[in-house]
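# Structure at a glance
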Amino acid sequence: MYEICPETAADEYEVESLYDLCFAPGRTALSSYRLRDGVSKVADLCLLLRDPTGILLAAIRYWPVRVGEHSTLLLGPIAVHPTAQGEGLGGLLMRDSLTRAQKLGWGRVLLVGDAPYYSRFGFEKLDGVEMPPPTNPDRVLGLELQPGAWVDIAGLVTRETSQDVPPGLAEAAGNSHLSSACIEVEHPRDDTIADESGDFATDQRSFGSGSG
Ligand SMILES: CC(C)(COP(=O)(O)OP(=O)(O)OC[C@H]1O[C@@H](n2cnc3c(N)ncnc32)[C@H](O)[C@@H]1OP(=O)(O)O)[C@@H](O)C(=O)NCCC(=O)NCCS
């Protein structure tokens, strides 16, 4: 069995090594990293996927940011070990983390990435949402986890400076046990498993169309 678990402090070196392997040198010079400097990750949503022997195959992280005055999730980085890319593991982590985010009460997600990949999860180009330069606006994508969550949301993306729990998340705090656990998953190549992703694959069909 493969396992998806929240990242812990002990995993830090392994995760950074995976990102160094998967991204071009100088990745931390990207402007999106300035939004993460000095800000704690959203711990429940930073997930690792390990194979049955414990080898780290994929990792995803999230940070809180602001779009204008609005609390928003910044998705990324996500990376899959080069020897395991194209097997559906990235999709597993995307869907599982987005399902957890929804259960935790997050309304909207932002990322900078390739629309041809992320559109399969319901992400759409965001108009009027400005990442720190230099960022190609065509790569600024959003997803609604709650209907209408991106409607009339625009402006500069800035660092989250508040320590307060964003509105909506406090009410969902009772769901934390649903979103902080390890889960076992079949390898996606095993097509006898119809859909390991659970809720989100169904939900995003209704939420995805409103993004943008
Ligand atoms: C991008 C990444 C996370 C995808 O994970 P993965 O496990 O390899 O992808 P999956 O197996 O879930 O999906 C494979 C599909 O995505 C497509 N795909 C992968 N990367 C893509 C990209 N950058 N643009 C468009 N399509 C892409 C593949 O062509 C394949 O398409 P198909 O289903 O039509 O055959 C992984 O390839 C990776 O780590 N790449 C290097 C780091 C990176 O670019 N991270 C994303 C930026 S934050």
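An unreviewed UniProt entry lists the protein under the name N-acetyltransferase, from Paracoccus amoyensis.

## Focus on the site of the ligand
Contacts to the ligand come from 18 residues, most closely from Gln-85, Gly-90, Gly-91, Asp-114 and Tyr-117. When residues of the shell around the ligand are traced back to their parent elements, those giving at least two are β4 (70–80), α3 (89–103) and α4 (115–118). In terms of residue count, β4 provides more of the shell around the ligand than any other element does, five residues in total. Of the residues that constitute the shell around the ligand, the class distribution is nine nonpolar, seven polar and two charged.

## Thoughts on the environment of Gly-107
Position of Gly-107 among the secondary structure elements: in the loop between α3 and β5 (108–112). Since 23 C-beta atoms lie within 10 Å of it, Gly-107 is described here as buried. For the pair Gly-107 and Ala-149, spaced 42 residues apart in sequence, the C-alpha separation works out to 5.6 Å.

## A look at unusual backbone geometry
Geometrically, the link from Gly-76 to Pro-77 is a cis peptide bond, its omega value of 0° lying close to zero. With respect to the helices and strands, Pro-77 occurs in strand β4. Cis geometry marks the peptide bond from Pro-133 to Pro-134; its omega dihedral reads -5°. Position of Pro-134 among the secondary structure elements: in the loop between β7 (129–130) and β8 (140–144). Even without being a glycine, Asp-152 presents a positive backbone phi close to 60°. C-beta crowding within 10 Å serves as the criterion here: with 8 such atoms nearby, Asp-152 is assigned to the exposed category.

## Quick look at α3
With 15 residues, α3 should cover 21 Å at 1.5 Å per step; its first-to-last C-alpha distance of 21 Å lies within 8% of that length. Extensive coverage of α3 is indicated by the burial of 13 of its 15 residues.

## Regarding the pairing of β4
Taking burial as the measure, the 11 residues of β4 include nine buried ones, the bulk of the element. Relative to β4, strand β3 (residues 56–67) is paired through nine bridges, and the arrangement is antiparallel. Looking across to β4, one finds that Val-67 is bridged to His-70. As consecutive antiparallel partners, β3 and β4 are separated by two residues, and within that stretch Gly-68 has a phi angle of approximately 60°, a positive value. Where β4 and β5 come together, two bridges link them in parallel fashion.

## Looking at the nonpolar core
Note on soluble globular proteins: their nonpolar side chains tend to be buried together. Core analysis: the biggest nonpolar cluster contains 48 residues, and Leu-73, Leu-74, Leu-93, Val-109, Leu-110 and Leu-111 have the highest contact counts within it. When residues of this core are traced back to their parent elements, those giving at least two are β2 (47–50), β3, β4, α3, β5 and β8. Looking at which element gives the most residues to this core, the answer is β3, with eight residues. Sequence-distant contacts of Leu-110, that is, excluding residues within four places in its chain, are made with Val-65, Val-67, Thr-72, Leu-73, Leu-74, Leu-75, Leu-126, Val-129, Gly-142 and Val-157.

## Digging into the environment of Glu-14
Summarising the element assignment, Glu-14 is placed in helix α1 (residues 12–22). With 15 C-beta atoms counted inside 10 Å, the residue Glu-14 sits in the partly exposed group. Along the primary structure Glu-14 and Ala-59 are separated by 45 residues, whereas in three dimensions their C-alpha atoms are 9.7 Å apart.

What counts as what
- Residues numbered from 1 in each chain as written.
- Predicted model: local features only at pLDDT ≥ 70, side-chain atom pairs only at ≥ 80, totals over all residues.
- Near = placed C-beta within 6 Å.
- Helix = DSSP H or I, 4+ residues; strand = E, 2+ residues; numbered from the N terminus.
- Nonpolar A, V, L, I, M, F, W, Y, C, P; charged D, E, K, R; others polar.
- Buried ≥ 20, exposed ≤ 12 C-beta atoms within 10 Å, placed from the backbone.
- Expected span 1.5 Å × (residues − 1).
- Pairing = 2+ DSSP bridges.
- Core = buried A, V, L, I, M, F, W, Y, C linked by C-beta atoms within 7 Å.
- Contact = placed C-beta atoms within 7 Å.

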